[in-house]
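Summary of structural features
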Amino acid sequence: MIILGIESSCDETAASIVNDKKEILAQTILSQQEHIEFGGVVPEIAARSHLEYIDGIISDTLKKANLTFDDLDAVAAAAGPGLIGGVVVGVMTAKAICLAKNIPFIAVNHLEGHALMPRLIDNIKYPYLLLLASGGHCQILEVSGPDNYKRLGTTIDDAAGEAFDKTAKMLNLGYPGGPKIEKLALNGDENRFTLPRPLKGKDGCNLSFSGLKTATRHIIESYAPDGKINNAQIPEQDLYDICASFQLAISDCFTNKLSLAIKEFKSNHPQGEHLVISGGVAANKYIREKLETLANKNGLKFAAPPIKLCTDNGTMIAWAGIERLQKGLTSPLDFKPKPRWPLDDTTPQARGAGVKA
Ligand code: KG4
Ligand code: ZN
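The following refers to the structure shown. (Residues numbered from 1 in each chain as written. Chains lettered and ligands numbered in written order. Predicted model: local features only at pLDDT ≥ 70, side-chain atom pairs only at ≥ 80, totals over all residues. Heavy atoms only, no water.)

1. Considering the overall build of the protein chain
Counting its secondary structure elements, the protein chain contains 10 helices and 12 strands. Relative to a compact globule of 357 residues, whose C-alpha radius of gyration would be 21 Å, the protein chain shows 20 Å and is just as compact. In terms of its C-alpha atoms, the protein chain occupies a principal-axis envelope of roughly 65 × 50 × 35 Å. Within the protein chain, buried positions represent 55% of all 357 residues. Carbon and sulfur atoms provide 51% of the accessible area of the protein chain, an area that totals close to 15,400 Å². Averaged over its 38 positive side-chain charges, the protein chain has a centre that lies 4 Å from the centre of its 41 negative ones. (Helix = DSSP H or I, 4+ residues; strand = E, 2+ residues; numbered from the N terminus. Rg over C-alpha atoms; globule rule 2.2 N^0.38 Å. Buried < 20%, exposed > 50% of the residue type's maximum accessible area, 1.4 Å probe, protein only. Areas by Shrake-Rupley, 256 points an atom, 1.4 Å probe, with all protein chains shown as cover. Lys, Arg positive; Asp, Glu negative; His and termini not counted. Charge placed at Lys NZ, Arg CZ, Asp CG, Glu CD.)

2. Examining the layout of surface pockets
As a volume, the largest pocket reaches approximately 1,200 Å³. Along the wall of the largest pocket there are 42 residues; nearest its centre are D11, G135, D165, Y175 and P176. Counting only elements with at least two residues in the lining of the largest pocket, the list comes to β3 (24-31), α3 (110-116), α5 (160-170) and α6 (177-185). Here the residues of the lining of the largest pocket are counted per class, giving 14 nonpolar, 19 polar and nine charged. Taken together, domain 1 (2-114 + 310-351) and domain 2 (124-307) each give at least three residues to the lining of the largest pocket, which thus spans both. Surrounding the second largest pocket, 18 residues form its lining, G136, H137, Q139, R340 and W341 being those nearest its centre. Among the elements of the structure, β7 (138-145) and β8 (148-154) are those that each provide at least two residues to the lining of the second largest pocket. Residue composition of the lining of the second largest pocket, by class: seven nonpolar, six polar and five charged. Domain assignment of the residues forming the lining of the second largest pocket places at least three in each of domain 1 (2-114 + 310-351) and domain 2 (124-307). (1 Å grid on protein atoms, 1.4 Å probe; cavity = no way out; pocket = protein on both sides within 12 Å on 5 of 7 lines; lining within 4 Å. Points joined across faces, edges and corners; volume = space filled by probe spheres on them. Nonpolar A, V, L, I, M, F, W, Y, C, P; charged D, E, K, R; others polar. Domains from an automatic or database assignment.)

Right, here's the structure in full:
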């Protein structure tokens, strides 16, 4: 079984070809640079750029794999959630190939792509406990199979990646903020600044990051003679210390709530073996180490995708496509892309992707 996966829901135009032996036959990722000057992704610019490059990226990927459209068993595309202009480009392209070649189309929830990605690399059995932390989402989920999720917690305000990005913007570090903060934090003292751990000690597994971002803003403002954030003059070592303290606070928020989630997961699924992190924030080595320690302390194994496959890519969409096709879960050609698409919404409409082949 060979599947082409297409990702275009944010600022990466990506394609990948994966088979059911867990081999990545070829992959191509174009990270759009057009957004840098704006300090964040501009939806219309993203959509135009996907439109311009997607055909070339798909044909390059086929060439690299030494395959043609005739070798494909299905095409999977990220069909939401995300920036709708980009999602439409990927979905329409996938549908056109499927129609022309008479092969199944698979609408993949972008979050499912992140959620299942670690299974392509590691031998991870269902069910597992997942922290899905990206630029747009932050959720704790029990994953029991494609199309089978139970949400234990979610952020009630910002996503973790968004908190990294907004904090980096306040510090003038550029976008995306996560990798920049991680790098500077390496030279910092993480105990230098006291920052809040929102929702710590409260029942439930929900997360919150906006108070942390505001507290960091106040620290940055204290470096401006007029209290205005844009005029902050932060000495180099203090900048490192702010980054390290911020990163520790995020990581504590994760471990606090995951400790509760592990208890719930173990009681629901005593046979469960893994704690997994995925999504862009999973690329953070410091956070991976903290979560690995937590998993081991609680008798669980830890897994995360390879660093390069944590952020958006076509491979995760192709792999989710393989898992769905193996269960006969394909999508009609009139499937409507979904700008919002909760992973654990089990209504038939929300599961429009779940039509039996
Ligand atoms: O999964 P992703 O590529 O896109 C979404 O689906 O949102 O995640 C992007 C997010 C950005 O917010 C970025 O700052 C964050 O992942 N990120 C990181 C790191 N690398 C990317 N956050 C913390 N540490 C990193 N090393
Ligand atoms: Zn993503």
